[in-house]
Amino acid sequence: MTDLIRQLTSDLQEKIESFKPQLEIRNVGTVIEAGDGIAQVEGLAGVQSQELVEFENGVMGIAFNLEKDRGRCYHSGGLSDGF
């Protein structure tokens, strides 16, 4: 039993030492309101006017009318399904 514990400990230590985390930076916002092809979004600080944005359900949009902490996006429909 002791040999099994040593082997498990050794294997676990190897896994821990060889672990390499993968980091990904994403700009994520929140849809406040959606309707008639326009979504009001907040939290996309890095978005620029006319930039493509992708919503969680795969719908694509174009950013416009950007304010300090909010913006609006034209979208191709289908956003109301998530609300």
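Here the structure is a predicted model, which is why all the values come from computation and not from measurement. (Residues numbered from 1 in each chain as written. Predicted model: local features only at pLDDT ≥ 70, side-chain atom pairs only at ≥ 80, totals over all residues. Heavy atoms only, no water.)

Asks: Explain the side chain of Gln 40 to me, and be specific about the residues and the numbers.
Replies: Positionally, Gln 40 belongs in strand E2 (residues 38–42). Using a relative accessible area of 15% as the deciding quantity, one classes Gln 40 as buried. Not counting chain neighbours up to four residues away, the residues in contact with Gln 40 comprise Thr 30, Val 31, Ile 32, Glu 33, Arg 70, Gly 71 and Arg 72. (Helix = DSSP H or I, 4+ residues; strand = E, 2+ residues; numbered from the N terminus. Buried < 20%, exposed > 50% of the residue type's maximum accessible area, 1.4 Å probe, protein only. Contact = heavy atoms within 4.5 Å.)

Asks: Give a description of a nonpolar patch on the surface that names residues and reports values.
Replies: Judged by side-chain polarity, Ile 38, Leu 52, Met 60, Ile 62 and Tyr 74 come together as a nonpolar surface patch covering roughly 450 Å² of accessible area. Take Met 60: it is sitting in strand E4 (residues 60–64). (Patch = residues over 30% accessible without salt bridge, like charges linked within 9 Å, V, L, I, M, F, W, Y side chains within 5 Å. Areas by Shrake-Rupley, 256 points an atom, 1.4 Å probe, with all protein chains shown as cover. Salt bridge = Lys/Arg side-chain N within 4 Å of Asp/Glu carboxyl O.)

Asks: Any details on the pairing of E4? Residues and values, ideally.
Replies: Note on strand geometry: in a regular strand, side chains alternate between the two faces of the sheet. In this sheet, E4 lies alongside strand E3 (residues 52–54) in antiparallel orientation, the contact comprising three bridges. If you follow Leu 52 over to E4, its bridge partner there is Ile 62. Once E3 ends, the chain turns through five residues before running back antiparallel as E4, passing Gly 58 with a positive phi of about 95°. Bridging between E4 and strand E5 (residues 70–75) involves four bridges; their strand directions are antiparallel. Opposite Gly 61, over in E5, you have His 75 as the bridge partner. Between the end of E4 and the start of E5, which pair antiparallel, lie five residues, with Asn 65 showing a positive phi angle near 45°. (Pairing = 2+ DSSP bridges.)

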